[in-house]
Amino acid sequence: SAPPASLRGLRRALAVLAGDMAAWSAIAVYAVVVFLAAYQHWHRPMANWDALPYAALALRLDGVGDGQLRTAALAEVRAAFPARFDDFVSGGPDALYRQTVATDDAAFLAQLPFYVTKPLYVVGVFLLGRLEGNFATSTAHLSALAFLVFCLLAALARPPGVPRAPWLAGLVLVSAFSATFPLSLLAAASSPDTLSAACLLAGVLLSRDGRWGTAAVFLLLAQLARPDAIVPVLTLVLAWAGVNPRHRLRLLAIAGLSIGLSQAVAMLADGYPLGVLLSTLAARQPYPGTITLALGSPEH
């Protein structure tokens, strides 16, 4: 015979309670893991070499002239990462390149056009560095803050129908323990990657809710943080336009803005053309532009 209605109701209530407990437990574990990862990397930044040119660009915004930029940026890095300072001036497999850039103003200034095309990240480094008192430190701390935002957005990005507990457990595995380079290390890197990714994900979530105007702002901010974000931005926008005829014109307008913004940054920032960038993939160049690789070469 069937169980009494009261027993069936009790079972349903216990099932709901168990589901709620699992969800809240997953939220608690996820929050702790994300916070600990950000805290650890905040206090132990990666101190990768890119902190040097980004600190230089922030110093330029702070009024330091190009004649003093190399020595001022090296001083920022020495104060921020004293134990790793040798890596910035002579370490690694490209030691000769680093020695040249650290001792020659012309070589140092020649590196900056590679980095000036990320204006949102540079401005963020500048503003945070003014608060902290060191621009080299803020290159990594900005990534740690962006990592916290990205993880919050990732938790909110749970697809409909997917239980909260396995979704958050999957995020923990991917962000903290994936392969030999956990994604959580992006919280320690002097890189615009995490900031760009946070803006991109914010744009995706806003578009999911039909808030196209605000979504467009964040998608374009992702490009301002890192110019090659135009690839996922255009891919997403054009895909949405293909399946959403009601908003097609609006989405195509966003695609046009994305392309226009990319061109504007390239012109105003005075960065290097693609051929010069490709040459650095084969070997670091203390004086970029002096070696240009032919298209189709093995290095390319």
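Residues numbered from 1 in each chain as written. Predicted model: local features only at pLDDT ≥ 70, side-chain atom pairs only at ≥ 80, totals over all residues. Heavy atoms only, no water.

Applying the stated criterion to the full structure yields 7 aromatic pairs. Relative to Phe88, the ring of Phe81 lies with its centre 6.0 Å away and its plane at 5°, an arrangement referred to as stacked. Residues Phe126 and Phe135 carry aromatic rings whose centres are separated by 6.0 Å and whose planes lie at 15° to one another, so their mutual orientation is stacked. Each residue in the set Tyr54, Tyr115 and Tyr121 is aromatic and connected to the rest through ring pairs, giving one cluster. Directly above the ring of Phe85 sits Arg78, whose terminal nitrogen or CZ lies 4.0 Å from the centroid. (Phe/Tyr/Trp six-rings, centres within 6.5 Å; stacked < 30°, edge-to-face > 60°. Lys NZ or Arg CZ within 6 Å of the ring centre and 35° of its normal.)

Before going further, it helps to spend a moment on the packing of helix 2 (residues 51–61) against helix 3 (residues 66–80). Two numbers describe how helix 2 lies on helix 3: the axes approach to 9 Å, and their chain directions differ by 125°. Judged by the angle between their axes, helix 2 and helix 3 are oblique. Crossing handedness for the pair helix 2 and helix 3: right-handed. Across from Leu52, Ala56, Leu59 and Arg60 in helix 2, the residues of helix 3 making contact are Asp66, Leu69, Ala72, Ala73, Leu74, Glu76 and Val77. Of the residues assigned to the contact of helix 2 with helix 3, the class counts are 8 nonpolar, no polar and 3 charged. (Axes fitted to C-alpha atoms, helices over the stretch in contact; angles between N-to-C directions. Helix = DSSP H or I, 4+ residues; strand = E, 2+ residues; numbered from the N terminus. Parallel < 35°, antiparallel > 145°, perpendicular 65-115°, else oblique. Left-handed = near helix turned anticlockwise from the far one by under 90°. Contact = heavy atoms within 4.5 Å. Nonpolar A, V, L, I, M, F, W, Y, C, P; charged D, E, K, R; others polar.)

In terms of nonpolar packing, the biggest core is built from 55 residues, with Leu52, Phe81, Phe88, Phe108 and Val237 touching the most fellow members. Contact partners of Phe81, with chain neighbours within four places excluded, come to Pro45, Ala47, Ala51, Phe88, Ala136 and Thr137. In this structure, Phe147, Ala154, Val172 and Leu201 belong to the second largest nonpolar core, which totals 17 residues. (Core = buried A, V, L, I, M, F, W, Y, C linked by side-chain atoms within 4.5 Å. Buried < 20%, exposed > 50% of the residue type's maximum accessible area, 1.4 Å probe, protein only.)

Turning next to helix 12 (residues 230–243). With 14 residues, helix 12 extends 20 Å between its outermost C-alpha atoms, agreeing within 8% with the 20 Å of an ideal straight helix rising 1.5 Å per residue. When helix 12 is considered as a whole, its buried residues turn out to be Ile230, Val233, Leu234, Val237, Trp240 and Ala241. Down the axis of helix 12, the sector holding all buried residues measures 135°, keeping them to one side. Relative to its buried face, helix 12 has exposed residues pointing more than 90 degrees away, namely Val231, Thr235, Gly242 and Val243. (Expected span 1.5 Å × (residues − 1). Arc of directions from axis to C-beta.)

Let us look at the pattern of salt bridges. Pairing between side chains becomes possible if they bear opposite charge and their charged atoms approach one another. Within this structure, the stated rule accounts for 7 salt bridges. Put simply, Arg70 and Asp105 hold a salt bridge, and the shortest N to O gap is 2.6 Å. You can see Arg70 sitting in helix 3 and its partner Asp105 sitting in helix 6 (residues 105–111), a full 35 residues away along the chain. Ionic contacts of the salt-bridge type, sharing partners, join the residues Asp193, Arg226 and Asp228 into one network. (Salt bridge = Lys/Arg side-chain N within 4 Å of Asp/Glu carboxyl O.)

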